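# What the coordinates show
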Amino acid sequence: MALPVIASPMFIVSGPELVIAQCCAGIVGSFPALNARPQEELEKWIVRIKLALAEYQAVHPDAKVAPFAVNQIVHPSNKRLQEDLEVCIRQQVPIIITSLRSPEGLVEQVHGYGGIVLSDVVNVRHAKKALAAGVDGLILVCAGAGGHAGTLSPFALVNEVRSFYDGLVVLSGAITNGSAILAAQAMGCDLAYIGTRFIATQEASADDEHKQMIMDASAADIVYTPYFSGVPANYLKASITRNGLDPDNLPVSDPSKMDFNKPKAWKDVWSAGQGIGNINDRPPTAQLIARLSAEYRMARQQILDAL
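Here's what I pulled together on the structure shown here. This one's a predicted model, so the numbers in the text were calculated from it and none came from an experiment.

## What to know about the environment of Ala156
Note on placement: Ala156 falls in helix H6 (residues 154-162). Spatially, the C-alpha atom of Ala156 lies 30 Å from that of Val269, the residues being 113 residues apart in sequence.

## As for the packing of aromatic side chains
As enumerated under the stated definition, the model contains three aromatic pairs in all. Look at Tyr227 and Phe228: their rings are 4.9 Å apart centre to centre, the planes differ by 75°, and that puts the pair in the edge-to-face class. Classification of Phe228 by relative accessible area gives buried; the value is 17%. An aromatic cluster of three or more residues is present, and its members are Tyr227, Phe228 and Tyr235. A cation sits over an aromatic face here: Lys128 above Phe164, 4.9 Å from the ring centre.

## Remarks on the pairing of strand S6 (residues 137-141)
Where a strand is regular, its side chains alternate between the two sheet faces. Most of S6 is tucked away, with five of its five residues classed as buried. By the alternation rule, side chains of S6 split into Gly137, Ile139 and Val141 and Leu138 and Leu140, which are all buried. Sheet topology note: the strand S5 (residues 116-121)/S6 ladder contains four bridges and is parallel. For Ser119, the partnering residue across the bridge sits in S6 and is Leu138. Handedness of the crossover joining S5 and S6 through helix H5 (residues 124-132): right-handed. Two elements, S6 and strand S7 (residues 168-172), share five bridges in a ladder whose sense is parallel. Residue pairing for S7: Leu138 is matched across the bridge by Val169.

## A closer look at the side chain of Asn35
Here Asn35 lies in the loop between strand S2 (29-32) and helix H2 (41-59). Its relative accessible area of 10% is what places Asn35 among the buried residues. There is a polar contact of 3.0 Å between the side chain of Asn35 and the backbone oxygen of Met10. Engagement of the side chain of Asn35 in a polar contact is seen with the backbone nitrogen of Ile12, the distance being 2.9 Å. Beyond its immediate sequence surroundings of up to four residues, Asn35 is in contact with Met10, Phe11, Ile12, Val13, Ser14 and Trp45.

## Observations concerning the environment of Gly167
Here Gly167 lies in the loop between H6 and S7. Through-space distance from the C-alpha of Gly167 to that of Cys189 is 9.4 Å; in sequence the pair is 22 residues apart. Leaving out residues up to four positions away in the same chain, Gly167 has contacts with Arg162 and Asp190.

## Considering the packing of H2 against helix H3 (residues 81-91)
Relative to each other, H2 and H3 sit at 30°, their axes nearing to 10 Å. Relative to H3, the element H2 lies roughly parallel. In this structure, the crossing between H2 and H3 has a hand that is right-handed. Between H2 and H3, the contacting residues are Leu42, Glu43, Ile46, Val47 and Lys50 on the first element and Asp84, Val87, Cys88, Arg90 and Gln91 on the second. Classifying every residue of the contact of H2 with H3 by side-chain character gives five nonpolar, one polar and four charged.

## A word on the sheet that holds S2
Pairing within the open sheet is parallel, and its eight strands lie in the order S1-S8-S7-S6-S5-S4-S3-S2. Edge positions in the open sheet fall to strand S1 (5-7) and S2, since each of these has one partner strand only. Strand-to-strand twist of the sheet, defined as the mean angle between neighbouring strand axes without regard to direction, takes the value 25°. Sheet strands touched by H3: strand S3 (68-73) and strand S4 (95-99). Its angle to S3, the strand with the most contacts, is close to 160°.

## Let's talk about H5
Taken as a whole, H5 has its buried residues at Val124, Ala127 and Ala130. Viewed end-on, H5 has its buried residues packed into an arc of 120°, placing them on one side of the element. The exposed residues of H5 that point more than 90 degrees off its buried face are Arg125 and Ala132. Summarising the contacts, the buried residues of H5 are in contact with S5, S6 and H6. Gly134, located one to two residues past H5, shows a positive phi value of around 95°.

## Here we look at the packing of helix H7 (residues 178-186) against helix H12 (residues 285-306)
Where H7 meets H12, the axes come as close as 7 Å, and the angle between the chain directions of the two elements is 55°. Our classification of the angle between H7 and H12 gives oblique. For the element pair H7 and H12, the recorded crossing hand is right-handed. Of H12, the residues touching H7 (which contributes Gly178, Ser179, Ile181, Leu182 and Gln185) are Leu292, Glu295, Tyr296, Ala299, Arg300 and Ile303. Its residues placed into classes, the contact of H7 with H12 shows six nonpolar, three polar and two charged.

Calculation notes
Residues numbered from 1 in each chain as written. Predicted model: local features only at pLDDT ≥ 70, side-chain atom pairs only at ≥ 80, totals over all residues. Heavy atoms only, no water. Helix = DSSP H or I, 4+ residues; strand = E, 2+ residues; numbered from the N terminus. Phe/Tyr/Trp six-rings, centres within 6.5 Å; stacked < 30°, edge-to-face > 60°. Buried < 20%, exposed > 50% of the residue type's maximum accessible area, 1.4 Å probe, protein only. Lys NZ or Arg CZ within 6 Å of the ring centre and 35° of its normal. Pairing = 2+ DSSP bridges. Right-handed = clockwise from strand over helix to strand, strands pointing away. Polar contact = N/O pair within 3.5 Å; in protein donor to acceptor, adjacent residues only side chain to side chain. Contact = heavy atoms within 4.5 Å. Axes fitted to C-alpha atoms, helices over the stretch in contact; angles between N-to-C directions. Parallel < 35°, antiparallel > 145°, perpendicular 65-115°, else oblique. Left-handed = near helix turned anticlockwise from the far one by under 90°. Nonpolar A, V, L, I, M, F, W, Y, C, P; charged D, E, K, R; others polar. Arc of directions from axis to C-beta.

Below, the structure written as structure tokens:
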């Protein structure tokens, strides 16, 4: 890897073009399995990504081409889980990222072909469940992250997790520049997890209006609500308003109605994290990662100079 970053899988937004660009630029690219629709498209996406990365590496033998990851929603509402997992096993996807439930049972299958499993967690209870299931690393989804975020400060969650776990830790939550990547490492994490910053890139599958809305907004324009999916998540207020709803007076949701097989909410009501105030352009992904790398190196040097 050229930079200690995993690009988070974003519903609707992350597709092969974005993943390929991310991996070729040296960070782990990822996408949710559910983005490939119909289900038969998933294997085609994975094969396309593998071929593109192999071709790029052959032409650029000295490049740091990072592996890719596929996100699996392990919630009971995901009726595609077993089929999608079988595809990932057959294609030997190097990294599986699990969300919204303990990956018990899944980990052994991925380990069987040599893959690794990282699990999204929002609190210590979830972290311990994931570790008991045998995961290879934890993604701490803290306050301010886009999509299904937690509410804990990274200072609180990282310290508590590190009190009982010394393995791979990835930090998520409003990380949009190189200095924030370094800050994640300074706090005791190994990698940063970045999503929202990649929505406003040329390769992202997001609607142009979604990208522009991110560039026009600030942290005050984010609302945290369980209304749309049954699980609390961060959304752009303007996208809620454009759908005829009052973002400050949303109805109470029913968690039992959660259904990740229906992308409508994510197509019409757009997600973003609290770090959007630092996003004001939509460059090519490679250019953005080069900028993040330069910012990261500069931040490191500034710290060293201050010591």
